[in-house]
Amino acid sequence: MIILYLTKQNRNSIYSLLGILETYNYFITKDIIIFEKLNNLTIKHNEKHFFFFSFCTQDAKNHYSILQKLKNICKKSIFVCGGPHPSAKPQECLNNGFNIVVKGEAENIIDEILKINEFPKIIESKNKVTLDNYPPYPLKDPHYSLYLEITRGCPYNCYFCQTTKIFGAKPGHRSIENILKYCEILIKNNLTDLRFVTPNAFSYGSEDGIKLNFTQLEKLLFSLHKLTYKKGRIFFGSFPSEVRPEFVNDDTLGLIKKYCSNKKIIIGAQSGSDIILEKLHRKHTVKEVFNAVEIAKKHQIKVDIDIISGFPFETKKDILDTIKFCEKLINTGCRIHFHKFMPLPGTQFENLKSAELFPEMKNFMNKWIGKGLVYGKL
Ligand code: SF4
């Protein structure tokens, strides 16, 4: 059997993996078991199984602990891992007991992985994945689906983020026909709220991910709207994805108003200090965030703003600039989604230490969290 460990954090990856496995003729129940709690896993311990784990850095310790318990009872099984953390720290995963680590994309090499018989092994796909070649969820049971991945890869290479490192700088887009095909199946199965995974929703169709491809974006949203006209809702540029500020303009927001159900978008701003934005390699300015919010206001679209603080190089002035920036945005009706900086493996900031938040930042957060205008963890 192929056995998948499902957690709150890896749900979308595991559901996508079910779709990928289906293309290799492995099906839920017949060939695949999913478990969330060890106590609920009923398998023959003396048989050889393939355990697949997919995890991010925040979930790594939990996965190592489950792995140890499983290795004690399933001595003949093979333990495979992939996802953001294993891609960046393959040797650490082997040291913790995994037999096979998949670096980067797994789609094209599932057969190869299942045939490996020399361990430990780090395996990496040579060819970039074409999203159209794999369903985003298992067609036999579309209820194993959350969000549809429409774009993979990001050209911006922000120094705190793993996306460019794992998937490369050149974006690959799922075609409109392919997106419609899978959305139609979801709707037929009464899964009517359509949400998408993409590094920057408004970059859909863009060859380099930097230049807006309005024609393709409009075609996508128009087609989705047509598909969902009687039944279904499109959420675009909001959870679980976001948009970059410089992609927000009258045209892109016009599409949200015309074709989508969300009344809010999420803009990745990350800091209210241009000095910090430059250090993060964000490639946009504070002014561009204000412009984007102004345009959204004109279109009566609400905005949540992503902010990160706790970088060790932030000065008191940077923090005060960010607080001022956030307060201005709150006063125009935005909400702030706060993230504490966490150095992620494989990124340029991997070796930095997360700094204690300045008291001014804590005070700012405490003041607004109670009012529901700032959310996130301190
Ligand atoms: S933070 Fe967003 S824009 Fe920057 S590299 Fe990651 S996905 Fe791309």
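Bear in mind the structure is a predicted one, so any value in this text is a computation, not a measurement. Throughout this description, residue numbers start from 1 for each chain and increase along the sequence as written. Side-chain atom pairs in this predicted model are given and counted only at pLDDT of 80 or more, local residue features only at pLDDT of at least 70, and totals for whole chains, interfaces and linings cover all residues. Water and hydrogen atoms play no part in the side-chain values, which are based on all heavy atoms of the structure.

**Q** What's the story with the sheet that holds strand β15 (residues 374–376) in this structure? I'm lost.
**A** The strands making up a sheet associate through hydrogen bonds between their backbones, and the pairing can be parallel or antiparallel. Strand pairing is assigned whenever DSSP identifies at least 2 bridges connecting the two strands. The helix count covers DSSP runs of H or I at least four residues long, the strand count covers runs of E at least two residues long, and both are numbered beginning at the N terminus. Strand order in the open sheet made by the four strands is β12-β13-β14-β15, with parallel pairing throughout. The sheet terminates laterally at β12 (264–270) and β15, the two strands that pair on one side only. Each neighbouring strand pair of the sheet contributes to a mean axis angle of 25 degrees, computed without reference to strand direction. Sheet topology note: the strand β13 (residues 302–309)/strand β14 (residues 335–340) ladder contains six bridges and is parallel. Axis definition: a line fit to C-alpha positions, over the contact stretch in the case of helices; interaxial angles, taken between N-to-C directions, run 0 to 180 degrees.

**Q** Can you help me understand the domain arrangement of the chain in this one?
**A** Frequently, the measure chosen for interface size is the accessible area that the parts lose on association. The assigned domain composition of the chain is domain 1 (2–124) and domain 2 (132–376). Once you take the C-alpha centre of each, domain 1 and domain 2 turn out to be 29 Å apart. Residues count as neighbours in contact if any of their non-hydrogen atoms are within 4.5 Å of one another. Taken together, the 24 residues of domain 1 in the interface contact 23 residues of domain 2. Buried area, as used here, totals the accessible surface that two parts lose on assembly, with accessibility defined by a 1.4 Å probe and the loss added over both. Summed over both partners, the interface of domain 1 with domain 2 buries about 1900 Å², with 65% contributed by carbon and sulfur atoms. Its largest share of buried area at the contact with domain 2, domain 1 owes to N12, Y15 and E22, together 27% of the area lost on that side. Counted as salt bridges are all cases of a side-chain nitrogen of Lys or Arg within 4 Å of a carboxyl oxygen of Asp or Glu. Taken together, domain 1 and domain 2 are joined by three salt bridges. Two residues, E105 and R152, come together in a salt bridge whose shortest N-O distance is 2.9 Å. Nitrogen and oxygen atoms within 3.5 Å of one another constitute a polar contact, given that in protein one can donate a hydrogen and the other can accept it, and given that sequence-neighbouring residues count only through two side-chain atoms. On inspection of domain 1 and its partner domain 2, the count reaches eight residue pairs in polar contact (both at pLDDT 80 or more). Residue ranges for the domains trace back to a domain assignment, done automatically or taken from a database.

**Q** Got a minute to help me understand the nonpolar core in this structure?
**A** In plain words, nonpolar cores are sets of buried Ala, Val, Leu, Ile, Met, Phe, Trp, Tyr and Cys residues tied together by side-chain atoms within 4.5 Å. Any residue under 20% of the maximum accessible area for its type is buried, any over 50% is exposed, and the rest in between are partly exposed; the area is computed with a 1.4 Å probe on protein chains only. Formed by 68 residues in total, the largest nonpolar core has its most connected members in F196, F236 and I305. The residues contacting I305, other than those within four sequence positions of it, are I267, A269, V289, V293, F325, L329, C334, R335, I336 and H337. By size, the runner-up hydrophobic cluster in this structure holds 25 residues, among which are I2, I14, V80 and I113.

**Q** Even after reading the chapter, I still don't get the packing of aromatic side chains, so can you show me in this structure?
**A** To pair, rings of Phe, Tyr and Trp, with the six-membered ring standing in for Trp, must have centres within 6.5 Å; the planes then decide the type, stacked if under 30 degrees apart, edge-to-face if over 60, and tilted in the middle. Here the structure, examined in full by the defined rule, presents 21 aromatic pairs. Of the aromatic side chains, those joined through ring pairs into one cluster are Y5, F35, F51, F53, F55, Y64, F79 and F98. Remark: a charge is flagged as sitting over a ring if the NZ atom of Lys or the CZ atom of Arg is within 6 Å of the ring centre and within 35 degrees of the ring normal. Sitting above the plane of the W368 ring, K371 keeps its charged end 4.8 Å from the centroid.

**Q** Help me out: how do you make sense of helix α11 (residues 286–298) in this one?
**A** Residue pairs spaced three or four apart in an α-helix point in one direction, given the helix's 3.6 residues per turn. Taking 1.5 Å as the rise per residue, α11 with 13 residues should run 18 Å; its terminal C-alpha atoms sit 19 Å apart, in good agreement. Along α11, the residues classified as buried are V286, V289, A292, V293, I295 and A296. The inward-facing, buried residues of α11 abut α9 (250–259), β12, α10 (274–279), β13 and α12 (316–331). Immediately beyond the C-terminal end of α11, within one or two residues, lies Q300, with a positive phi of roughly 55 degrees. Here the expected span of a helix is defined as 1.5 Å times the quantity of residues minus one.

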